[in-house]
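# Coordinate analysis (summary)
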Amino acid sequence: KQEVTQIPAALSVPEGENLVLNCSFTDSAIYNLQWFRQDPGKGLTSLLLIQSSQREQTSGRLNASLDKSSGRSTLYIAASQPGDSATYLCAVRKETSGSRLTFGEGTQLTVNP
Amino acid sequence: ETGVTQSPTHLIKTRGQQVTLRCSSQSGHNTVSWYQQALGQGPQFIFQYYREEENGRGNFPPRFSGLQFPNYSSELNVNALELDDSALYLCASSLRAGRYYGYTFGSGTRLTVV
C-alpha cells in the first residue's frame, strides 16, 4: 500500500524565513509527484509537478526536489510571507494504481508578520 | 481559460437522503476524478472518469456513483447518506488520462450530513 507521509504536521515561522517541507513515500515506483496548496475550507491549488525522471522544479520562490530512489521530496519556500500561510499537500501518482493520486495529510504552515 | 468549477459550494443533507454534486472540467480536459477529504486529512480517491467511462475506483462503496457527460462535465451521486459522508468533495480534471499529466482541482463542495 502506497503511503505518503508529510513532516512536520504543522510549522510556524517568522516572515522572511526560508523553509523546507518534507514528503516521503513508501513505494518508489511513481510516475510523478505533485505539490498542492490548500487554504482553509478551499480546494487545492497546484504548485509544482515533478515527473519521475526529473530532479527538481522551480516556480518563483518555490523549489521542489524529488529523490525517487529514496522516496523523498522537499518543497523549499524562500523568503516566506504571511500570504504563504496554508496547508501544503504532496501527492504521488503510483505506477500500479492507474490514475489515482495518493496524498499525504499535509503540513499546516503559518507565517507570522 | 476557465478552471474547474464545482456546485454547490455548500450542502446540508439528512442521513438517508441522496445527493448529487456537479463539476465542470477545465477547458480541454477530458479526464475527471473525484476525491473525498475529511477534516484534517488528505483527499481520498473515489473514482475517475475518462471518455464517459469509469476508469479506476478507490475504496468506496457502490452507493458512491458517478457520470461523465460528452462535454466532460461530471456528477458525483451519493445514496443513503451517512454521517461519515460529511466531508469536502473535490473534483479534479486532467488534460489526458496519461501518466505524465497533472491535475487541476476545483474549490470543492462542503457536504454536511445531519
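Residues numbered from 1 in each chain as written. Chains lettered and ligands numbered in written order. Predicted model: local features only at pLDDT ≥ 70, side-chain atom pairs only at ≥ 80, totals over all residues. Heavy atoms only, no water.

## Some points on the sheet that holds strand E7 (residues 62-67) of chain A
Pairing between sheet strands relies on hydrogen bonds along the backbone, with the strands arranged either parallel or antiparallel. All names here are of chain A. The sheet built from five strands is open, its strands ordered E1-E3-E8-E7-E6 with antiparallel pairing. On the outer flanks of this sheet lie strand E1 (4-7) and strand E6 (56-59), each paired with one strand and no other. Going from strand to strand, the sheet's axes swing by 15° on average, the running direction of each strand aside. (Pairing = 2+ DSSP bridges. Helix = DSSP H or I, 4+ residues; strand = E, 2+ residues; numbered from the N terminus. Axes fitted to C-alpha atoms, helices over the stretch in contact; angles between N-to-C directions.)

## Some words on the state of the cysteines
Residues and elements named next belong to chain A. Inspection of the entire model under this criterion finds two disulfides over all chains. Disulfide partner of Cys-23: Cys-90, at an S-S distance of 2.0 Å. Between Cys-23 and Cys-90 the disulfide shows an S-S torsion of about 75°. By sign, it is right-handed. Taken together, the positions of Cys-23 in strand E3 (residues 19-25) and Cys-90 in strand E9 (residues 86-94) put the pair 67 residues apart, joining distant regions of the chain. (Disulfide = S-S within 2.5 Å.)

## Examining the side chain of A:Gln38
Relative to the helices and strands, A:Gln38 resides in strand E4 (residues 30-38). Judged by its relative accessible area of 9%, A:Gln38 falls in the buried class. For A:Gln38, the side chain forms a polar contact with the side chain of B:Gln37, separated by 2.7 Å. (Buried < 20%, exposed > 50% of the residue type's maximum accessible area, 1.4 Å probe, protein only. Polar contact = N/O pair within 3.5 Å; in protein donor to acceptor, adjacent residues only side chain to side chain.)

## Concerning a nonpolar patch on the surface
Taken together, B:Leu95, B:Tyr100 and B:Tyr101 make up a surface patch of nonpolar side chains, about 290 Å² in accessible area. With respect to the helices and strands, B:Tyr101 occurs in the loop between strand E9 (87-94) and strand E10 (104-105). (Patch = residues over 30% accessible without salt bridge, like charges linked within 9 Å, V, L, I, M, F, W, Y side chains within 5 Å. Areas by Shrake-Rupley, 256 points an atom, 1.4 Å probe, with all protein chains shown as cover. Salt bridge = Lys/Arg side-chain N within 4 Å of Asp/Glu carboxyl O.)

## Comments concerning the sheet that holds strand E1 (residues 5-7) of chain B
Residue and element names in this part refer to chain B. Ordered in space as E1-E3-E8-E7, the four strands form an open sheet in which the pairing is antiparallel. Each end of this open sheet is capped by a strand with a single partner; those strands are E1 and strand E7 (64-68). For this sheet the average axis-to-axis angle between neighbouring strands, irrespective of direction, equals 20°. Alignment of strand E3 (residues 19-24) against strand E8 (residues 74-78), held across five bridges, turns out to be antiparallel. Bridge pairing in E8 places Cys-23 opposite Ser-74.

## Focus on the interface of chain A and chain B
Each partner contributes to the interface: chain A provides 20 residues, whereas chain B provides 24 residues. When chain A packs against chain B, close to 1700 Å² is buried across both sides, 50% of that on carbon and sulfur atoms. Area buried by chain A at its contact with chain B is led by A:Arg93, A:Ser99 and A:Arg100, which between them contribute 29% of it. Remark: the boundary between chain A and chain B carries zero salt bridges. Mapped onto the side of chain A that touches chain B, the elements with two or more residues apiece are E4, strand E5 (44-51), E9 and strand E10 (101-103) of chain A. The residue inventory of the side of chain A that touches chain B, partitioned by class, reads seven nonpolar, nine polar and four charged. (Contact = heavy atoms within 4.5 Å. Buried area = accessible area lost by both parts, 1.4 Å probe. Nonpolar A, V, L, I, M, F, W, Y, C, P; charged D, E, K, R; others polar.)

Everything listed is a geometric property; what it means functionally is a separate question.
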